[in-house]
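An overview of the molecular structure
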Amino acid sequence: MFGDLQGMMGKLKEAQAKIEETKARLNTVMVDGESGDGLVVVTVTANREVKNIAIDDSIIYDKEQLEDYLILALNNALKKANDVNEAELAAAAKGGLPDIPGMDLFK
């Protein structure tokens, strides 16, 4: 039994290492969210860190519209980033986890 336990602990450590590697890689995956037919474009990493905001000059003087477009673009980008993040981390975790009955969290 302890041999199995050591093997499971080794697999858990491998899974943790894969997850950490995936988190680091997700810092380099960029996702765009836009609104107003591209008048506002927000770029975030798959770890949900804002990297860039591009605003078309045509809406720069309409504060209310700009705020609305920023909110829409940010929410769009963050949703996409979250989807990528969850899928990648689930795949990394599932690949390294031992087969424990009742622990089918990543299926």
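These figures come from a predicted structure and were not determined experimentally.

Here we look at the overall build of the chain
- What the chain contains, in helices and strands, is 2 helices and 3 strands.
- Taken from N to C terminus, the helices and strands of the chain fall in the order α-β-β-β-α.
- Expressed as a percentage of its 107 residues, the buried residues of the chain come to 22%.
- Across the chain, contacts joining residues at least 24 apart in sequence account for 54% of those joining residues at least 6 apart.

What to know about the pairing of strand β1 (residues 30-35)
- The two faces of β1 differ: V31, G33 and S35 on one face are buried, but M30, D32 and E34 on the other face are not.
- With antiparallel pairing between neighbouring strands as the criterion, β1 and strand β2 (residues 40-45) make up a hairpin whose turn holds 4 residues, including G36 at a positive phi of roughly 60°.

Here we look at the sheet that holds strand β3 (residues 50-55)
- Read across the sheet, 3 strands follow the order β1-β2-β3 without closing on themselves; strand pairing throughout is antiparallel. Looking along the sheet, the strands with just one partner apiece sit at the ends: β1 and β3. Ignoring which end each strand starts from, the neighbouring axes of this sheet average 15° apart.
- Across 5 bridges, the pairing between β2 and β3 is antiparallel. Bridged to V44 within β3 is V50.

About the thresholds
Along every chain, residues carry numbers that run from 1 in the direction the sequence is written. Predicted model: local features are reported for residues with pLDDT of at least 70 only, side-chain atom pairs are reported and counted for 80 or more only, and whole-chain, interface and lining totals are derived from all residues. As a rule here, side-chain values come from all non-hydrogen atoms in the structure, and water together with hydrogens is ignored. Per the convention used, a helix needs a DSSP run of H or I reaching at least four residues, while a strand needs a run of E reaching at least two, with both numbered from the N terminus. Throughout, exposure labels follow a simple rule: accessible area from a 1.4 Å probe, protein chains only, divided by the maximum for the residue type, with under 20% read as buried, over 50% as exposed, and the rest as partly exposed. In this analysis, two residues are considered to be in contact whenever any of their non-hydrogen atoms come within 4.5 Å of each other. We treat two strands as partners when DSSP finds at least two bridges between them. Between N-to-C directions, angles cover 0 to 180 degrees, with each direction set by a line fitted to C-alpha atoms, over the stretch in contact for helices.

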